Amino acid sequence: MRLPGPLSKARAAVGLARVRWLNQRRPVIVSWAITHRCNLRCVYCDVPERRLPEASPAQALDLIDQMARLGTRAVSFNGGEPLLRKDIVALAERCRSHGMSAALSTNGTFLDGKREVLTHLDRLQISVDGPRKLHEAQRGEGTFDDVLSALSIGRGAGLPMVLSVVLTRHNVGAIDDLVAFADSQGASLSFLPVGPVHAFDVDYDSLRPTPAAMRTALREAARHARTGAPILGSASSFEYLAQWPAAPRIDCFGASGIAKLAADGRVFPCAILEHRTHAISALDHGFEAAWDAIAEDPLDCSGCHCTKTLQLNRVFWDTLSAIPLNRLAAR
Ligand SMILES: C[S@@+](CC[C@H](N)C(=O)[O-])C[C@H]1O[C@@H](n2cnc3c(N)ncnc32)[C@H](O)[C@@H]1O
Ligand code: SF4
Ligand code: SF4
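Here is what the cut-offs are and how they apply
- Residues numbered from 1 in each chain as written.
- Chains lettered and ligands numbered in written order.
- Predicted model: local features only at pLDDT ≥ 70, side-chain atom pairs only at ≥ 80, totals over all residues.
- Helix = DSSP H or I, 4+ residues; strand = E, 2+ residues; numbered from the N terminus.
- Rg over C-alpha atoms; globule rule 2.2 N^0.38 Å.
- Buried ≥ 20, exposed ≤ 12 C-beta atoms within 10 Å, placed from the backbone.
- Contact = placed C-beta atoms within 7 Å.
- Axes fitted to C-alpha atoms, helices over the stretch in contact; angles between N-to-C directions.
- Parallel < 35°, antiparallel > 145°, perpendicular 65-115°, else oblique.
- Nonpolar A, V, L, I, M, F, W, Y, C, P; charged D, E, K, R; others polar.
- Pairing = 2+ DSSP bridges.
- Near = placed C-beta within 6 Å.
- Core = buried A, V, L, I, M, F, W, Y, C linked by C-beta atoms within 7 Å.

Details of the overall build of the chain
- If you tally the helices and strands in the chain, you get twelve helices and eight strands.
- Its C-alpha radius of gyration of 18 Å places the chain within 12% of the 20 Å reference for a compact globule of 331 residues.
- A principal-axis box enclosing the C-alpha atoms of the chain has dimensions of 45 × 45 × 40 Å.
- Relative to its full complement of 331 residues, the chain shows a buried share of 49%.
- By sequence separation, contacts in the chain at least 24 residues apart represent 72% of the contacts at least 6 residues apart.

What to know about the packing of helix α4 (residues 132-139) against helix α5 (residues 143-156)
- Contact geometry of α4 with α5 gives a least axis separation of 8 Å together with a crossing angle of 110°. Here α5 runs roughly perpendicular to α4, going by the angle between their axes. Counting all contacts with α4, which are made through R132, H135, E136 and R139, the residues of α5 involved are T143, F144 and V147.
- A per-class count over the contact of α4 with α5 returns two nonpolar, two polar and three charged.

Notes on the environment of R41
- Residue position: R41 is located in the loop between β1 (29-33) and α2 (57-70).
- With residues up to four places along the chain from it excluded, the contact list for R41 reads P48 and G140.

Brief notes about the sheet that holds strand β8 (residues 267-268)
- Reading across the sheet, the eight strands line up as β6-β5-β4-β3-β2-β1-β7-β8 and stay open at both edges, with mixed pairing between neighbours. Each of the sheet's edge strands pairs with one partner strand only, and the pair in question is β6 (188-193) and β8.
- Across six bridges, strand β5 (residues 161-167) lies against β6 in parallel orientation. From the neighbouring strand, L163 faces β6, where its bridge partner is L189.

Things to note about the site of ligand 1
- Around ligand 1, the structure places 17 residues, and the nearest of them are Y44, C45, S127, S164 and G195.
- Looking at the shell around ligand 1, the elements with two or more residues in it are β3 (101-106) and β5.
- Tallied by class, the residues present in the shell around ligand 1 amount to eight nonpolar, eight polar and one charged.

Let's talk about the nonpolar core
- Ranked by internal contacts, the top residues of the largest apolar core, which has 96 residues, are V75, A92, L189, A221 and V267.
- Setting aside residues no more than four positions away along its own chain, L189 makes contact with L163, V165, L178, V179, A182, P230, I231 and L232.

Describing unusual backbone geometry
- With an omega of 25°, the peptide bond between G79 and G80 qualifies as cis.
- Topologically, G80 is positioned in the loop between β2 (74-78) and α3 (88-97).
- Of note in this structure, A255 is not a glycine but carries a positive phi near 70°.
- Looking at the element boundaries, A255 is found in the loop between α9 (235-241) and β7 (258-261).

Dropping the structure here:
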């Protein structure tokens, strides 16, 4: 049952509303690092160093069927580089056949050879970190042209596109440039403050902006959001983030309405809480058992800077009437 984009989004919203108001715990949104392999080595990312095993094509299709039975309404493929999976088209297609929405995050380098996947997606997310020089300083020489090419392909397919920006010390001053770039490309913009990474060769301290610079950038983002710039996340959520580095606790869908599925099948409450030792693998135990295993996990986060989850949390838990819902339209 393939549903038009707005209908599948509405189903996801209803699913989250049932989690929130009827206490019906279910993995409505699953973010899936379908592979840890990647052709790039971005300065802030340790994912390719994790070298975890990954689901076979048959196992991956079976996981999608299991998720559908459990009430999953939206799957977001990321990685590693998800376009390195030979079966990515079949996986996105299977999600859509269940009426789920499917999104994919990519560095853009392989989209030209994998255009077919676009016909099975509701949204394409492409990582960009600034104008060419800033982008390539963080993501590698020659990568900006791939971003431009991916944007052009996505536009040609008429797909909603989101540019995902990791804010570091180097590009934190480029908010205005990034907003103008997104606007010129017909894409929305999503800002993600750089998070801690674990690889030995990543020097997180040298990447992290000063708290003052980050607060200024997030207030800039709030200002743009307020004036209708194509930014995902309301002005209110950026104002919350601008308390940086503090993150006052707010209720979260982690482990009750959203889940992170790692390449090796382990299920976590979200992409940030991946250090849990009692997460189990959906490949070994089934998705339901792995989802249930995190039911009692204490969310020992004091709030976080995950902008996408934050926006959902604020809409459903916090300030329903205060959030401009149109900001969710491109999610
Ligand atoms: C891990 S990547 C996977 C998808 C694809 N390879 C890409 O780069 O878009 C997903 C997103 O996480 C972001 N990311 C990677 N490392 C990060 C970090 N240390 N802090 C915040 N975001 C990070 C990437 O820039 C990208 O937008
Ligand atoms: S951010 Fe994406 S493209 Fe960059 S190294 Fe990580 S997985 Fe690869
Ligand atoms: S608040 Fe952030 S870190 Fe905590 S469960 Fe939610 S998304 Fe994860």
